[in-house]
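One letter stands for each residue in the lines below.
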Amino acid sequence: MPEPAAVAYGRRLFGDPALSADGRLSCATCHDPLRAFHDGRTLAEGRGAGVRNTPSLLDVADRRWFGWDGAHDSLWAASLAPLVDPREMNMRLEDVAQRVRDDPLRRAAHQAAFGAPTPRDDLELVVQVAKALAAYQATLRSPRTAFDHFRDAVVRGDSQGAARYPLAAQRGLRLFIGEARCSVCHAGPAFTNDEFADIGVPFFVAGGVDAGRHGGLSKLLTSYLNRLGPFNDVGAEADPRALLTRHLKIEPRHFGEFRVPGLRQLTRTAPYMHNGSLATLEEVVRHYDLLDEERLHVDGERILRRLNLRPDQAADLVAFLRTLSD
Ligand code: HEC
Ligand code: HEC
């Protein structure tokens with residue numbers, strides 16, 4: 001598809017409340033571009049009994065699985081879901097398709113993005129809408145931070161440049177990759193290994209439990225919108241990531257696991273965790289510090305343990321986390 005037109009179309013759709021049943025919500029209502037694509041709320045508006053915290057969409061194109069529970073294996077499928085989720089934009093496929101076909105501006109933008117008339121088939125059309133939304137979101141990048149400048153200075157051997165990075169953050173970084181073992185999970189450029197873990201955040205919700213990855217996997221594996229399905233542009237055979245999906249298996253340990261979130265622009269996306277239960281970075285560090293090991297899964301290698309940090313160490317860790325935002 002001609003990329004710039006798809007991105008422009010996706011950007012328009014992202015802010016378009018006509019894609020919601022009551023004409024009140026757009027993607028940008030919850031993923032606010034002025035707040036690092038977050039909403040500042042504990043639980044997203046309208047999500048049923050309000051079950052989950054809204055993830056930021058910065059660097060989202062680099063993720064392997066989408067949603068706190070990994071219910072999607074592509075950015076476009078994760079973008080189609082909120083359109084038809086009764087707890088979000090609450091549309092039927094045919095209504096989304098109709099609102100694109102019936103509006104001359106939307107229809108023209110759609111045709112420009114895909115270089116062809118809008119498909120007759122509703123599902124096909126909505127999949128294209130989702131792919132345009134994905135093309136736009138793939139342009140969302142987190143800004144450079146004090147930590148990036150420090151890392152680059154170290155790589156260049158520029159000790160003067162490196163010395164500009166606050167000492168408290170340097171000590172926090174040492175803890176993060178050393179004793180506190182945070183980087184076992186929060187690794188790579190976005191500080192996530194793109195896997196799932198149970199870190200003892202309670203998963204009880206009004207009226208039951210949030211099954212986390214266990215529920216996400218059952219959704220993903222039964223969805224015809226996954227990479228094994230007919231809408232994979234590359235084709236399941238040629239797509240190495242389809243292989244990852246094919247090899248997934250649901251196991252009991254997935255119950256109560258959630259995706260390891262990236263840590264960039266954290267200072268703009270409070271509160272934290274899948275249920276927004278921790279208000280500040282100090283509270284997050286305290287959670288790991290005073291971890292209730294009894295609450296964690298017993299199977300598998302235990303990575304997390306109670307840290308028993310001194311107050312100055314906890315403060316250093318927070319100082320480091322703050323340097324991952326601009
Ligand atoms: C009512 C608030 C709300 C609206 C409206 C909304 N989202 Fe979301 N979005 C969320 C929440 C909450 C999640 C986490 C869902 C989960 O884990 O099940 C999420 C997750 C996502 C993800 C996965 C991100 C990741 O890091 O895995 C993408 C992509 C996304 N939304 C895109 C969109 C698009 C595109 C739209 C508009 C079509 C949209 N969202 C509308 C609240 C919202
Ligand atoms: C075993 C893997 C693992 C380790 C080790 C780990 N984390 Fe996490 N981290 C996670 C997971 C999973 C979540 C999300 C949990 C949830 O929402 O239920 C998370 C959430 C977070 C968040 C909240 C981010 C957000 O946007 O909501 C921060 C901040 C964080 N971790 C920092 C740390 C620090 C600091 C350490 C070291 C003390 C650490 N993590 C160690 C897996 C890990």
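None of the values given here were measured: they were computed from a predicted structure. (Residues numbered from 1 in each chain as written. Chains lettered and ligands numbered in written order. Predicted model: local features only at pLDDT ≥ 70, side-chain atom pairs only at ≥ 80, totals over all residues. Heavy atoms only, no water.)

Draft legend 1. Representation of the side chain of Arg106 in the model. For Arg106, the position within the fold is in helix 5 (residues 104-114). The exposure class assigned to Arg106 is buried, which follows from its relative accessible area of 13%. In this structure the side chain of Arg106 is engaged in a polar contact, spanning 2.8 Å, whose partner is the side chain of Asp16. Ignoring sequence-local partners within four residues, the contact set of Arg106 consists of Tyr9, Arg12, Asp16, Ala18, Arg99 and Val100. (Helix = DSSP H or I, 4+ residues; strand = E, 2+ residues; numbered from the N terminus. Buried < 20%, exposed > 50% of the residue type's maximum accessible area, 1.4 Å probe, protein only. Polar contact = N/O pair within 3.5 Å; in protein donor to acceptor, adjacent residues only side chain to side chain. Contact = heavy atoms within 4.5 Å.)

Draft legend 2. Seen up close, the coordination of the iron atom of ligand 2. Those protein atoms acting as donors to the iron atom of ligand 2 are His186 (NE2) and Tyr288 (OH), and they sit at 1.9 to 2.1 Å. Relative to the metal, the 6 donor atoms surrounding the iron atom of ligand 2 lie at angles of 88 to 180°, and the coordination shape comes out octahedral. Separated by 102 residues along the polypeptide, His186 in the loop between helix 9 (167-177) and strand 1 (196-197) and Tyr288 in helix 12 (residues 281-289) bring together distant segments of the chain. (Donors = N, O, S within 2.8 Å, 3.2 Å for Na, K, Ca; no water. Tetrahedral: all angles 85-135°; square planar, octahedral: opposite > 155°, others 65-115°.)

Draft legend 3. Representation of the coordination of the iron atom of ligand 1 within the structure. With respect to protein ligation, the iron atom of ligand 1 binds only His31 (NE2), at 2.1 Å. Relative to the helices and strands, His31 is located in the loop between helix 2 (27-30) and helix 3 (75-84).

Draft legend 4. Quick look at the site of ligand 2. Close contacts around ligand 2 come from 23 residues, with Cys182, Cys185, His186, His274 and Tyr288 the closest. Within the side chain of His186, an N or O atom sits 2.8 Å from a nitrogen atom of ligand 2. Between a nitrogen atom of ligand 2 and a side-chain N or O atom of Tyr288, the distance comes to 2.7 Å. At the level of secondary structure, the elements contributing two or more residues to the shell around ligand 2 comprise strand 4 (258-259) and helix 12. (Near = heavy atom within 4 Å.)

Draft legend 5. How the structure looks around the site of ligand 1. Taken together, 26 residues are adjacent to ligand 1, and Cys27, Cys30, His31, Arg52 and Gly67 come closest. In the environment of ligand 1, a nitrogen atom lies 3.0 Å from a nitrogen or oxygen atom belonging to the side chain of His31. Here a nitrogen atom of ligand 1 sits 3.0 Å away from a polar atom, N or O, in the side chain of Glu88. Secondary-structure elements contributing two or more residues to the shell around ligand 1 are helix 2, helix 3 and helix 6 (122-137). Broken down by element, the residue count for the shell around ligand 1 peaks at 5 residues, all from helix 3. Grouping the amino acids of the shell around ligand 1 by side-chain chemistry returns 14 nonpolar, 7 polar and 5 charged. (Nonpolar A, V, L, I, M, F, W, Y, C, P; charged D, E, K, R; others polar.)

Draft legend 6. Representation of the packing of aromatic side chains within the structure. With the rule as written, the count across this model stands at 11 aromatic pairs. Relative to Phe320, the ring of Phe147 has its centre 5.8 Å away and its plane inclined at 85°; by these criteria the two rings are edge-to-face. Pair noted here: Phe147 is in helix 7 (residues 146-156) and Phe320 is in helix 13 (residues 311-322), with a separation of 173 residues, a long-range link. With a relative accessible area of 9%, Phe147 lands in the buried category. When the ring of Phe203 is compared with that of Phe255, the centres are 5.8 Å apart and the planes differ by 75°; the resulting orientation is edge-to-face. Taken as a pair, Phe203 in the loop between strand 1 and strand 2 (204-205) and Phe255 in the loop between helix 11 (240-246) and strand 4 lie far apart in primary sequence, 52 residues in all. Grouping aromatic residues by their ring pairs yields a cluster made of Phe147, Phe150, Tyr165, Phe176, Phe191 and Phe320. Note that Arg213 overlies the ring of Trp65, its terminal NZ or CZ placed 6.0 Å from the centroid. (Phe/Tyr/Trp six-rings, centres within 6.5 Å; stacked < 30°, edge-to-face > 60°. Lys NZ or Arg CZ within 6 Å of the ring centre and 35° of its normal.)

Draft legend 7. Quick look at the packing of helix 4 (residues 93-102) against helix 5. Axis separation between helix 4 and helix 5 bottoms out at 5 Å; the angle between their running directions is 95°. Considering their axes alone, helix 4 and helix 5 lie roughly perpendicular with respect to each other. For the pair helix 4 and helix 5, the contacting residues are Arg99, Val100, Arg101 and Asp102 in the first and Pro104, Arg106, Arg107 and His110 in the second. Its residues assigned to classes, the contact of helix 4 with helix 5 comprises 2 nonpolar, 1 polar and 5 charged. (Axes fitted to C-alpha atoms, helices over the stretch in contact; angles between N-to-C directions. Parallel < 35°, antiparallel > 145°, perpendicular 65-115°, else oblique.)

Draft legend 8. How the structure looks around helix 5. Among all positions in helix 5, only Arg106, Ala109, His110, Ala113 and Phe114 are buried. Projection of helix 5 onto a plane perpendicular to its axis shows the buried side chains occupying an angular sector of 115°, all on one side. Along helix 5, the residues that are exposed and aim more than 90 degrees away from the buried face are Pro104 and Leu105. Buried-residue contacts for helix 5 involve helix 1 (3-14), helix 4 and helix 6. (Arc of directions from axis to C-beta.)

Draft legend 9. Structural detail: the pattern of salt bridges. According to the stated counting rule, one finds 27 salt bridges in the structure shown. Lys219 is paired through a salt bridge with Asp69; the nearest N and O atoms lie 3.9 Å apart. Of this pair, Lys219 sits in helix 10 (residues 213-222) while Asp69 sits in the loop between helix 2 and helix 3, and the two are 150 residues apart along the sequence. A salt bridge links Arg264 to Asp148; the shortest N-O distance between them is 2.7 Å. With Arg264 in the loop between strand 4 and helix 12 and Asp148 in helix 7, this residue pair connects regions lying 116 residues apart in the sequence. (Salt bridge = Lys/Arg side-chain N within 4 Å of Asp/Glu carboxyl O.)

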